[in-house]
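Listed below, chain by chain, are the residues.
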Amino acid sequence: MKKQGSGGLVGKPEMMIWDAHVHGYPGEVISDPGEWGRRQGERHWRHLVTEGPQGWADPEDLLRAMDSGGVEKALLQSWYWENPESAQRQNEWHARWIERYPERFLACAAIHPEMQDPLRTLQEAREWGACAIGECLPGIQNRQGWSHPAWQAILEWTTASGWPACIHLTESVGHSYPGRIETCLMEIVSLFEAHPGQKWLCAHWGGGLPFYALNRRVAKALKHVWFDTAASPLLYDPRIWRIACDLMGPEKILFGSDIPLLLYPRKEKTPSWDRFLVEFRGSGLRADEQEAIGRNNLAALLGLSPGGS
């Protein structure tokens, strides 16, 4: 597969992937992540990226891996920064990258409730091309969690604008790993109920929330909730693809990798979609289910056409 100079693809396979969960960093971060995190006061991020199976990629690295793996578009997720200044810096990165590669990248705006003017930040983000917010994790970003009054204003803005709010969720039961903070899933269900018109994109299979979709209250709360598959090989058996589809319906699941995280740290040294796509395509899902999860659902959620932008 060859890459065009504009960041486009030629020699496309039958179905191109749209990845709903990708992270990228500029050289100033990649050159010394630990020091950058120390200077920014990002203790949680620094802990995760220096002790977990973290890989690194700038936009050009991402594009090379995307071309190799057959990934047409990637939604650049922001981080749940502790420092409002870090969020603003990430917005500057994302604005530059989607301007440079508009055919390949979509972007979430980074947001922090203690920004001087969060709503102005969102308005500016819409101008530079953002289409969602997140990842968000108020338990790390601020002491009050979702009860901080700024979050209410932020969610009113995103609901009115039709923007998804992408949130980081961690399974309540599971193995230990650096930076793991359990999510109280009932609090998340209550959050969905308090904002019934908001679109939600829950990372990492929603911390297992789809397993509770048979509960009547939970099922009702999940009306405007989607789940991405980010970091799935590090967390779940491959059977989760079929099981989650049966519980939620394939229309509620979005392919997400969490690259440049190393999804198979014992087998790979650089970020790659290759093994994860082998798992996805060998998951036993029908071709139409794979097409929905691998591309069409993200396009629909963002109001885009799978055939273009």
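Residues numbered from 1 in each chain as written. Predicted model: local features only at pLDDT ≥ 70, side-chain atom pairs only at ≥ 80, totals over all residues. Heavy atoms only, no water.

Peer 1: For the nonpolar core, give the residues involved together with the corresponding values.
Peer 2: Within soluble globular proteins, side chains that are nonpolar generally end up buried alongside one another. Phe105, Phe192 and Trp273 are the most contacted members of the largest nonpolar core, which totals 79 residues. Sequence-distant contacts of Phe192, that is, excluding residues within four places in its chain, are made with Ile167, Trp200, Cys202, Leu209, Ala221, Leu222 and Val225. (Core = buried A, V, L, I, M, F, W, Y, C linked by side-chain atoms within 4.5 Å. Buried < 20%, exposed > 50% of the residue type's maximum accessible area, 1.4 Å probe, protein only. Contact = heavy atoms within 4.5 Å.)

Peer 1: Before we move on, can you summarise the sheet that holds strand S10 (residues 253-254) with the specific residues and values?
Peer 2: Spatial ordering of the open sheet is given by S3-S4-S5-S6-S7-S8-S9-S10, a layout of eight strands whose pairing is parallel. Of all strands in the sheet, those with a lone pairing partner are strand S3 (17-22) and S10, marking the two edges. As paired strands, strand S8 (residues 200-202) and strand S9 (residues 225-228) are joined by three bridges and run parallel to one another. Counted as the bridge partner of Cys202 is Phe227 from S9. Running over the sheet, helix H9 (residues 185-194) touches strand S7 (165-167), S8 and S9 and is turned about 165° from S8. (Pairing = 2+ DSSP bridges. Helix = DSSP H or I, 4+ residues; strand = E, 2+ residues; numbered from the N terminus. Axes fitted to C-alpha atoms, helices over the stretch in contact; angles between N-to-C directions.)

Peer 1: Can you break down helix H4 (residues 59-69) residue by residue, with the values?
Peer 2: Along H4, the positions that sit buried rather than exposed are Pro59, Leu62, Leu63, Ala65, Met66, Asp67 and Gly69. The N-capping residue of H4, defined by a side-chain oxygen 3.1 Å from the backbone nitrogen of Glu60, is Asp58. Positive backbone phi, approximately 80°, marks Gly70, located one or two places after H4. (Polar contact = N/O pair within 3.5 Å; in protein donor to acceptor, adjacent residues only side chain to side chain.)

Peer 1: Outline the pairing of strand S6 (residues 132-136), listing residues and values.
Peer 2: Both faces of the sheet carry side chains from a regular strand, because those side chains alternate between them. Of all five residues in S6, five are buried, a share of seventy percent or more. Relative to S6, strand S5 (residues 105-109) runs parallel, the two sharing two bridges. Bridge pairing links Cys108 to Ala132 in S6. With three bridges joining them, S6 and S7 adopt parallel strand pairing. Paired with Cys136 across the bridge in S7 is Ile167.

Peer 1: So what's going on with the environment of Glu51? Which residues, and what values?
Peer 2: Looking at where Glu51 falls in the secondary structure, it is placed in helix H3 (residues 43-51). With 192 residues separating them in the primary sequence, Glu51 and Ile243 have C-alpha atoms 31 Å apart. At a separation of 2.9 Å, a polar atom in the side chain of Glu51 contacts the side chain of His47.

Peer 1: Provide a residue-level description of the packing of helix H6 (residues 118-128) against helix H8 (residues 149-161), including the pertinent values.
Peer 2: Between H6 and H8, the shortest axis-to-axis distance is 9 Å and the interhelical angle comes to 30°. Considered as vectors, H6 and H8 are oriented roughly parallel to each other. Crossing of H6 against H8: the hand is right-handed. On H8, the residues touching Pro118, Leu119, Leu122, Gln123 and Arg126 of H6 are Ala153, Ile154, Trp157 and Ser161. Of the residues assigned to the contact of H6 with H8, the class counts are six nonpolar, two polar and one charged. (Parallel < 35°, antiparallel > 145°, perpendicular 65-115°, else oblique. Left-handed = near helix turned anticlockwise from the far one by under 90°. Nonpolar A, V, L, I, M, F, W, Y, C, P; charged D, E, K, R; others polar.)

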